[in-house]
Amino acid sequence: MAPIPIISPINVGHIDDVIELSKTKPDTIPQRFVRDITERPTIATTPANNHHHHMPIIDFSNLSKHNTHELFLHELLNLATACKNWGFFQVVNHGVDLNLMESIEKMSNEFFMLPLEEKQKYPMLPGTIQGYGQAFVFSEDQKLDWCNMLALAIEPQHARNPNLWPKKPEKFSETLEEYSREVRKLCENLVKYIAIGLGLKEEAFDSMFGEAVQAIRINYYPACSRPELVMGLSPHSDGSALTVLQQAKGSPVGLQILKDGIWIPVHTLPNALVINIGDTIEVLTNGKYKSVEHRAVANENKDRLSLVTFYAPSYEVELGPMPEFVDANHPCKFRRYNHGEYSKHYITHRLQGKKALDFAKIQTRNAF
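Calculation rules
- Residue positions are given per chain, counted from 1 along the sequence in the order it is written.
- Where totals are concerned, whole chains, interfaces and linings use all residues; where local detail is concerned, this predicted model gives features only for residues with pLDDT of at least 70, and gives and counts side-chain atom pairs only at 80 or more.
- The side-chain values count all of the structure's non-hydrogen atoms but skip hydrogen atoms and water molecules.
- Every helix listed is a DSSP run of H or I at least four residues long, and every strand listed is a run of E at least two residues long, numbered separately from the N terminus.
- What a helix is expected to span follows from its residue count: subtract one and scale by 1.5 Å.
- Think of it in three bands: with a 1.4 Å probe and only protein chains considered, a residue is buried below 20% of the maximum accessible area for its type, exposed above 50%, and partly exposed in between.
- Two N or O atoms form a polar contact when they lie within 3.5 Å of each other; inside protein one atom must be a possible hydrogen donor and the other a possible acceptor, and for residues adjacent in sequence the pair counts only when both atoms belong to side chains.
- For two strands to pair, DSSP has to find at least two bridges joining them.
- UniProt positions are given in the numbering used here, feature names are shortened, and annotations may be inferred rather than shown by experiment.
- Lines fitted to C-alpha atoms define the axes, with helix axes restricted to the stretch in contact, and inter-axis angles between N-to-C directions lie between 0 and 180 degrees.
- Any Lys or Arg side-chain nitrogen found within 4 Å of a carboxyl oxygen on Asp or Glu counts as a salt bridge.
- Throughout, nonpolar core names a set of buried Ala, Val, Leu, Ile, Met, Phe, Trp, Tyr and Cys residues whose side chains join them through atoms within 4.5 Å.
- A contact between two residues is defined here by any heavy atoms of the two lying within 4.5 Å.
- By definition in this entry, angles of less than 35 degrees are roughly parallel, angles greater than 145 are roughly antiparallel, angles of 65 to 115 are roughly perpendicular, and the rest are oblique.
- In this scheme the crossing of two helices becomes right-handed for a clockwise turn of the near helix relative to the far one and left-handed for an anticlockwise turn of less than a right angle.
- In this classification, the charged set is Asp, Glu, Lys and Arg, the nonpolar set is Ala, Val, Leu, Ile, Met, Phe, Trp, Tyr, Cys and Pro, and all remaining amino acids, among them Gly, are polar.
- To pair, rings of Phe, Tyr and Trp, with the six-membered ring standing in for Trp, must have centres within 6.5 Å; the planes then decide the type, stacked if under 30 degrees apart, edge-to-face if over 60, and tilted in the middle.
- For a ring to carry a charge above it, either NZ of a lysine or CZ of an arginine must fall within 6 Å of the ring centroid while also lying within 35 degrees of the normal to the ring plane.
- Like-charged residues within 9 Å of one another, or nonpolar side chains (Val, Leu, Ile, Met, Phe, Trp, Tyr) within 5 Å, are grouped into patches, provided each residue has over 30% relative accessible area and no salt bridge.
- To measure how exposed things are, a 1.4 Å probe is used in the Shrake-Rupley method; for residues, cover is taken only from the protein chains shown.
- This count recognises Lys and Arg as positive and Asp and Glu as negative, with His and chain-terminal groups excluded.
- A single reference atom marks each charge: NZ on Lys, CZ on Arg, CG on Asp, CD on Glu.
- When two cysteine sulfur atoms lie within 2.5 Å, the pair is treated as a disulfide.

**Some thoughts on helix H4 (residues 98-112)**
For H4, which comprises 15 residues, the first-to-last C-alpha distance of 21 Å matches the rise-based estimate of 21 Å (1.5 Å per residue) to within 8%. Residues of H4 that are buried include every one of Leu100, Met101, Ile104, Glu105, Met107, Ser108, Phe111 and Phe112, and no others. A distance of 3.0 Å separates the backbone nitrogen of asparagine 99 from a side-chain oxygen at the start of H4, and that oxygen is part of aspartate 97.

**Section: the pairing of strand S8 (residues 255-259)**
Most of S8 sits out of view: four of its five residues are buried. Both S8 and strand S11 (residues 294-296) contribute to a ladder of three bridges, which runs antiparallel. Paired with glutamine 256 across the strands is arginine 295, a residue of S11. Where S8 and strand S9 (residues 262-265) come together, four bridges link them in antiparallel fashion. Along S9, the bridge assignment pairs glutamine 256 with proline 265. The hairpin formed by S8 and S9 contains two residues between the paired strands, and aspartate 260 there has a positive phi angle of roughly 55°.

**Structural notes on the UniProt feature "domain: Fe2OG dioxygenase" (unreviewed entry) in the protein**
As annotated by UniProt and renumbered to match this structure, "domain: Fe2OG dioxygenase" (unreviewed entry) occupies residues 211-313. Annotation note: span residues 211-313, helix share 6%, strand share 44%, distance between end C-alpha atoms 7 Å.

**Some points on the sheet that holds S11**
With respect to topology, four strands assemble into an open sheet ordered S6-S11-S8-S9, the strand pairing being antiparallel. Bordering the open sheet on either side are strand S6 (233-236) and S9, each of which pairs with just one other strand. Shown here is a sheet whose adjacent strand axes are inclined to one another by a mean of 25°, direction ignored. By the bridge criterion, two bridges tie S6 to S11 in an arrangement that is antiparallel. Bridged to histidine 236 within S11 is histidine 294.

**Overview of the pattern of salt bridges**
A side chain of one charge can pair with a side chain of the opposite charge when the charged atoms of the two come close. Applying the stated criterion across every chain yields a total of 13 salt bridges. As a salt-bridge pair, glutamate 118 and lysine 121 come within 2.9 Å of each other at their nearest N and O atoms. What makes glutamate 118 buried here is its relative accessible area of 9%. Look at lysine 121 and you get exposed, because its relative accessible area is 51%. Residues lysine 168 and glutamate 118 are paired through a salt bridge, measuring 3.9 Å at the closest nitrogen-oxygen approach.

**Digging into the nonpolar core**
The biggest cluster of nonpolar side chains holds 84 residues, and the ones touching the most others in it are Phe89, Phe112, Leu176, Tyr179, Ile194, Phe205 and Ile275. With 11 residues, the single largest contributor to this core is helix H6 (residues 172-197). Aside from chain neighbours lying at most four places away, what touches phenylalanine 112 is Ile19, Lys119, Tyr132, Asn148, Met149, Leu150, Ile218, Tyr220 and Leu305.

**Quick word on the packing of H4 against H6**
Across the interface, H4 lies against H6 with an axial gap of 10 Å and an inter-helix angle of 140°. Classified by the interaxial angle, the pair formed by H4 and H6 is oblique. The interaxial crossing formed by H4 with H6 has left-handed handedness. Here H4 contributes Leu100, Met101, Ser103, Ile104, Met107 and Ser108 to the contact with H6, which in turn contributes Phe172, Thr175, Leu176, Glu178, Tyr179 and Glu182. The residue makeup of the contact of H4 with H6, split by class, is seven nonpolar, three polar and two charged.

**Digging into the packing of helix H3 (residues 69-85) against H6**
Contact geometry for H3 and H6: axes closest at 9 Å, N-to-C directions at 90°. Classified by the interaxial angle, the pair formed by H3 and H6 is roughly perpendicular. Residues Phe72, Leu76, Leu79, Ala80 and Cys83 of H3 pack against Tyr193, Ile194, Ile196 and Gly197 of H6. Here the contact of H3 with H6 is built from residues that sort into eight nonpolar, one polar and no charged.

**Here we look at the packing of aromatic side chains**
In the structure shown here, the tally under the stated rule is 14 aromatic pairs. Arranged with centres 5.4 Å apart and planes meeting at 75°, the rings of phenylalanine 111 and phenylalanine 112 form a pair that is edge-to-face. Members of the aromatic cluster, connected to one another through ring pairs, are Phe111, Phe112, Tyr122, Tyr132, Phe172 and Tyr220. When the ring centre of phenylalanine 359 is taken as reference, the NZ or CZ atom of arginine 335 above it lies at 4.5 Å.

**Focus on a positive patch on the surface**
Side chains of Lys84, Lys288, Lys290 and Lys333 sit close together on the surface and give a patch of like positive charge. Residue placement: lysine 333 occurs in the loop between strand S13 (318-319) and strand S14 (337-338).

**Observations concerning the state of the cysteines**
By the definition in use, this model includes zero disulfides. Cysteine 224 takes part in no disulfide bond, and the closest cysteine sulfur, belonging to cysteine 147, lies 12 Å away. Since its relative accessible area comes to 1%, cysteine 224 is described here as buried.

Listed below in structure tokens is the structure:
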């Protein structure tokens, strides 16, 4: 989540509030939400019974406690394999307080159930990604996601807009602060273990990131009478280093990831957190670990809530492939760039698969 970019005024046209729209249970979905046939999702939520669909599970207690050297190395290998083969994994025994997870989930639900006029006190302006509303909308004819979100910068503190932090429900801000501190600790530890699994020093990413940026996006996907016509959240990869997703208890399956050309629904384990590799790690490892395209689909009968934390390098740092991952057999795939510039590029373009990463790719020319 980059600082608010300086951009020309954007005409996004009228945007219906999806939560208000869903209350009417419309038989006809407004055209701005209806996807072209080629973009419509598959709503199947039961994965086929084959090995492709078993997302890796990492027991974080085996890493953080270092119970035995053998157990630590086994889990470290699991983590490295998950990053390389999937780019997505679930973490259990992650150390984030379960009561705190329950509290922020409850308060988030309460926020989205507030009257519209209360939520509109925290508007997400076009071209920005802080506040309440719809993000990544840049024209009046762009298709909209079946989702409302509350997005807030967490760290560094100067990136925050205090006017966009909700005053209701009571203690929301304090609870979010506490939750974010615990998730940040998890991210800091994960990047250390990811570095070790890559054969790097454990502080390799930390020292490069500077004062890491952290942001949260709380997504609310109301039930939709025609879920096969809409997209909860458009396909995209994340611009972060790591992303941490908490799915609210009782929520239907909604997250799907693209693996081997197939959209796979993600069934989250109770109290687990879903982690994914972002574009930043793909660049730093020169493509050894890849960010993965993912999307969210709507459900006909149930609302879904997810809390998504993004952990990324400081906006000031320059990034590019680390020398350890570039050699004659693995030529450099990405140029060096300022992370703040990449973040600005990311939030000022609509979500479109992994297209944002083109910003950093070295374009090769075909010789004729």
